[in-house]
Each structure stands twice: as C-alpha cells, then as structure tokens.
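Structural characterization, general
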Amino acid sequence: MVSVPRFPSHPESGETTNSPDIELPPALDSAAAQNPPPQPTPARPVYRILAGKIFDSQARTLVLNQSITIDKEYGVILDVRSSTEPPYTQPGSEKVEIVDLKKMTVVPGFVDVHVHLLLHTESEASWTDQVTKEPLAERVARATVHARRTLLAGFTTVRDLGTEGALDSDLGLRKVMAGKNPVIPGPRYYCATRAIVSTGAYGPKSSINPSSEGVDCVVGAEVADGVHECVRTVRRQVGAGADWIKVCPLFDVSPFASTSNLRTYTDEEMQALVKTAHALGVRVAVHANGWGAIEQAIKCNADTIEHGAEMVHAYRPTYRESEVQRREQIWVPTLAAVYTVPLADGDDRIACGGDTGVFAHGKNALEMTLMRRLGAKWNQVLTWATFGGWKCVRGRKWDDTRVVEENEEYPLRVFEELGYMAQEREVPFGVIRKGWAADLVGIEGDVDGDSEAFEKVVTEGVKFVMKGGRLYKMDGKPVVEAFI
C-alpha cells in the first residue's frame, strides 16, 4: 500500500492536515511500485582543458583558444569549442576539473607505427647478442621501461612489428598495459608477434651449423614456406591474438649468391599471407627494401610498406611513377633507422614510424624531426604522426566511414557495453574531436617554426601527456599516481 503524503493546508503557515493515510486501489498501488519516480543522473566527472592552440590533424591547421571537455571515466572527448563560448554541459556532468594549457599547443597523442619494444639500441648490444644472450625475462623487463619512456615522450600509441626472438611476449605486454589502471603504464599497443619469413632468410645464424634455423633453438622470426604453410602460420598468429601480420619477403639470403636483397616469397605465397590475414580482419605490414618487394606488396594488396627507400622519387625509375602514385598502401619510411632523401610533397599515405629500438625508446620523435629536416612541412609531419598513425594501425572495420560517424554521434554508447576496455580498439584516436579518444599532448613552443625549432619543441617541449583521459605527465613531470 502506498500512502499519500501530507501537504500543508496553508503553505504560508506551514500547518499540515490531519487527514488519515488514503489507501489506493490495488491497481494504482502496483503501478506506483513498478514505476518509481526517476532518480537524478549521477554526476559524471569531466576534465575541461583550456588550450591556447590545438592542432587540427585533419585540416592541418592550428586553432586558437579552444576548450576540450573529456569524460574522465571513459576517456573520450565529449566536446571541442572556442573558449569564448559558454562551456559545454550535459545532464549529470557537474564535477569539472579545469586543466589550464593556455600557454601550450595541444596536439593529438603521437603514434609511432614501427617500434620493437623488446629490443634496445644496438650501441648497447648487437641484435644477435640481444636475441641469443639475453634471457626472455630480461627482455620483457626492459620492454616495460621502454613503454614508460615512450608514453612520457608523448607517444600514446605504438605498433610493434616483431618480437625478434622473444616469442609472443608482446601479447603479454599488451595485456598488462591495457585498461584504466594498467599494471605497467605504456602506450596503446598493437602487436604483430613474430615476423614471418622463408627458410634460411633470417637470423640469428649458427657458425657451427649454418644450415639450421636459429641458435640454441632461438629464432628471430617464424618460418613459413609454401602456400599452405603461409595460410596456417597467419591463422595461428591471429588466433594467438596478433593485431597485425608482419612479413619479410626478402633478405640477403647468401652474400655469395648476391650482394642485393632477393625476394624470398613467390606471388602465390604472398597473396596467401595477405588474403588469409584480411579474411580474418587483420592487416599486413611488409618489410620492403628494393623494388621487387615494393612491387610485390602493392600487387598483393598489403597494407603498409616498411622502409622502402626506393619509394622516394630520386630512387624511382620513371616507369615506376604510376605504380607509386596509384598505390593504396601507407608508406612507413623509418628515416630514423636509415637516412634517405627528401620526402615527396603532398603524399598523404605516409605514417610516422622510426624502427624505434634500433635507436633509444623515448627518442621516438627523432623520426618526426628527420621528416621535417628532409623537407616535409610541419603540419604534414604532425598529421603523419597523429591522424596518419591511426589510419595506419586501425582495424579494418574503421574503413567504413559510417562506423566513425556513428561513434562521433554516440561517443559513450560503446563504453556502456565494454567499459573502459573499449579504449583499446573500439575508439578512434589521432584527432581532437567529439567521440575520439582523449589522447592529448601539450607542447611548449611553436610547432610551426623552422626545422630546428620544430625539433626542439617535439623533443624537449612535451610537458603534458594524457592517454585515454588519464593524466600521465603534467608540468613536464610524470604524474606519480599513474605509475604506482
């Protein structure tokens, strides 16, 4: 039974009636119990970031005096508007924390699309010594340090293109770096597990038994020969959890046979690798040095071309022009690993990846500075390192623009089903825009200066880092709470 509350007979006097409780009919009693009055929406905590400038990575322009509102719980951008407009509000969003970055330029979190977290610089130890002499536990422990340095440098997402003898340990790293309260703070982590190579094409090599694969059972990649074995290997890697498939279709098989890189996969084998991966929703990166590998990657519809110095106009024979211009593949030139000649102007199919691990982790911005030195405009480089990075590493489902548009329209809906883990793969990043991940970097200095000024600000000017709505760096110092 529901009692009707007592109301003042005379509101001004505050007197109440003495009428007894009124008993409602059973039907009304039941309806009232089933339809209680709506409860107020709990207040959702938000950040409001006041930015002196933001970089629009789609329009490639700087926009002055912007206010960015971020859902703290889910780490997604709710609104971007001019600071001169009334602040964004929504029902229940009352707990607002202001972050003052009015003296900074805020850019989307940087993306390094070619790293090896399980390697460290060869000035410390050669590749062969790392693969054959360092225990797996040591390599994983080093990788956690590399992840921290990478994140604090402003790189909120990376793609790891091969564990180089460390088996599938990148999958474990991805697990402990994921979520709102990760075991190990680090960037959003896309994995390729082991590179796929043909027999005899990869190291390390035994000087005693040179015809065997690896040294003491340690191999730097996974061997697959023939169409059926290529299909099986891709299926195994995707089944294990790989986000990407990495293929090395050439290497110096024998210095006595040839002084140049030779193709080691037939077109049929390469097509089997690519088609199987695509059928399973996974993209393919191809290590390509030399025109043979580049042509094969384009012909077989791979997704990214790694290295590929021959893509540059100065190395490109005239009759190859149309192939390069028509390609759909994203080029990752890895300039930091191998210096080359000026980049082509106006090419949007480029992403920023330094082969980081060959040089020190945390110095990932070296690739950006080289791009700038070699003639690329500042806004091109920033786009390649942000929006270009997302276009490179994103899952195949994002090829459908309707998925992106729906995400922007209903930015919190996916979190209601998946929680914060949706941050890992279900939210786009690389653009400061409603519905996109709150991966943000605050930079002191002018990003639109000359190459020397650009190098200084991207290597020394990163003072603020947010990944997925969580603060990791503020006022140039790590946020202690995020690392304990």
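Residues numbered from 1 in each chain as written. Predicted model: local features only at pLDDT ≥ 70, side-chain atom pairs only at ≥ 80, totals over all residues. Heavy atoms only, no water.

1. Let's talk about the packing of helix α9 (residues 366–373) against helix α15 (residues 451–460)
Put simply, the rule reads: Throughout, an axis means a line fitted to C-alpha atoms (over the contacting stretch in the case of helices), and angles, computed between N-to-C directions, take values from 0 to 180 degrees. Put simply, DSSP marks the helices as runs of H or I at least four residues long and the strands as runs of E at least two long, and each gets a number from the N terminus on. Note that the term roughly parallel is reserved for angles under 35 degrees, roughly antiparallel for angles over 145, roughly perpendicular for angles of 65 to 115, and oblique for everything else. Residue contacts are defined here by distance: any two heavy atoms, one from each residue, within 4.5 Å place the two residues in contact. Under the grouping applied here, Gly and all other residues not named as nonpolar or charged are polar, the nonpolar ones being Ala, Val, Leu, Ile, Met, Phe, Trp, Tyr, Cys and Pro and the charged ones Asp, Glu, Lys and Arg.
The geometry of α9 relative to α15 is characterised by a closest axis approach of 9 Å and an angle of 170° between their N-to-C directions. Regarding the angle of α9 to α15, the classification is roughly antiparallel. Here M368, T369, R372 and R373 of α9 lie close against α15, whose contacting residues are S451, F454, E455, V458 and T459. The residue makeup of the contact of α9 with α15, split by class, is 3 nonpolar, 3 polar and 3 charged.

2. Topic: the packing of helix α5 (residues 226–240) against helix α6 (residues 267–279)
Stated formally: In a left-handed crossing the near helix is turned counterclockwise from the far helix by less than a right angle, and in a right-handed crossing that turn is clockwise.
Where α5 meets α6, the closest approach of the two axes is 8 Å, and the angle between their N-to-C directions is 25°. Comparing their axes, α6 and α5 come out roughly parallel. You can see that α5 and α6 cross each other, and the crossing is right-handed. Contacts from G226, V227, C230, V231, V234 and R235 in α5 reach E268, E269, A272, L273, T276 and A277 in α6. Among the residues forming the contact of α5 with α6, the class breakdown is 7 nonpolar, 2 polar and 3 charged.

3. Some words on the sheet that holds strand β9 (residues 188–191)
Threshold: When DSSP finds two or more bridges between two strands, those strands count as paired.
The strand order β7-β8-β9 describes an open sheet built from 3 strands, whose pairing is parallel. A strand with exactly one partner marks an edge of an open sheet, and here the two such strands are β7 (110–115) and β9. Within the sheet, the average angular offset between the axes of one strand and its neighbour, ignoring direction, is 15°. Relative to β9, strand β8 (residues 155–160) is paired through 4 bridges, and the arrangement is parallel. Its bridge partner being in β9, V158 is matched across the sheet by Y189.

4. Let's talk about the pairing of strand β4 (residues 61–71)
As judged from the 10 bridges shared by strand β3 (residues 46–56) and β4, these two strands associate in the antiparallel manner. Each residue of the ladder has a partner; that of A51, found in β4, is Q66. Hairpin remark: β3 followed by β4, antiparallel, with 4 residues in the connecting loop; positive phi at R60, about 60°. Alignment of β4 against strand β5 (residues 76–82), held across 6 bridges, turns out to be antiparallel. Opposite T69, over in β5, you have D79 as the bridge partner.

5. Regarding the sheet that holds strand β18 (residues 440–443)
Across the sheet, 8 strands lie side by side as β5-β4-β3-β6-β18-β19-β20-β21; this open sheet has mixed pairing. Both outer strands of the open sheet, β5 and β21 (477–478), are each paired with one neighbouring strand and no more. Examined bridge by bridge, strand β6 (residues 96–108) and β18 share 4 bridges and lie antiparallel to one another. By the bridge assignment, T105 is partnered in β18 with I443. With respect to the sheet, helix α3 (residues 136–152) is in contact with β19 (462–467), β20 (470–474) and β21, its orientation differing from that of β19 by roughly 110°.

6. Describing the nonpolar core
Put simply, the test is: Nonpolar core, defined: a set of buried Ala, Val, Leu, Ile, Met, Phe, Trp, Tyr and Cys residues in which side-chain atoms within 4.5 Å join the residues together. Relative accessibility decides the category of a residue: with a 1.4 Å probe and only protein chains considered, values under 20% of the type maximum give buried, values over 50% give exposed, and everything between is partly exposed.
Among the nonpolar cores identified, the biggest contains 79 residues, and F110 and M368 are the most heavily contacted of them. Those residues in contact with M368 that sit more than four places away from it in its chain are F110, F155, C352, V381, L382, A385, F454 and V458. Residues L78, A192, F387 and A437 belong to the second largest nonpolar core, which totals 30 residues.

7. Considering the confidence of the model for the protein
Stated precisely, the cut-off is as follows: pLDDT gives the predictor's per-residue confidence on a scale running from 0 to 100.
Looking at the protein, pLDDT values average 86 and 83% of them are 70 or higher. Residue range residues 1–22 is modelled with pLDDT below 50. Its contacts to residues more than four positions away, or to other chains, number 21 contacts.

8. A closer look at the pairing of strand β16 (residues 304–307)
Rules: Looking down the strands as they point away from you, a crossover is right-handed if its path from the first strand over the helix to the second goes clockwise.
The sheet contact formed by strand β15 (residues 283–288) and β16 spans 4 bridges and is parallel. Residue pairing for β16: A288 is matched across the bridge by H307. Handedness of the β15-helix α7 (residues 291–299)-β16 crossover: right-handed. Note: β16 against strand β17 (residues 330–332), 3 bridges, orientation parallel. Bridge assignment links I305 to a residue of β17, and that residue is W331.

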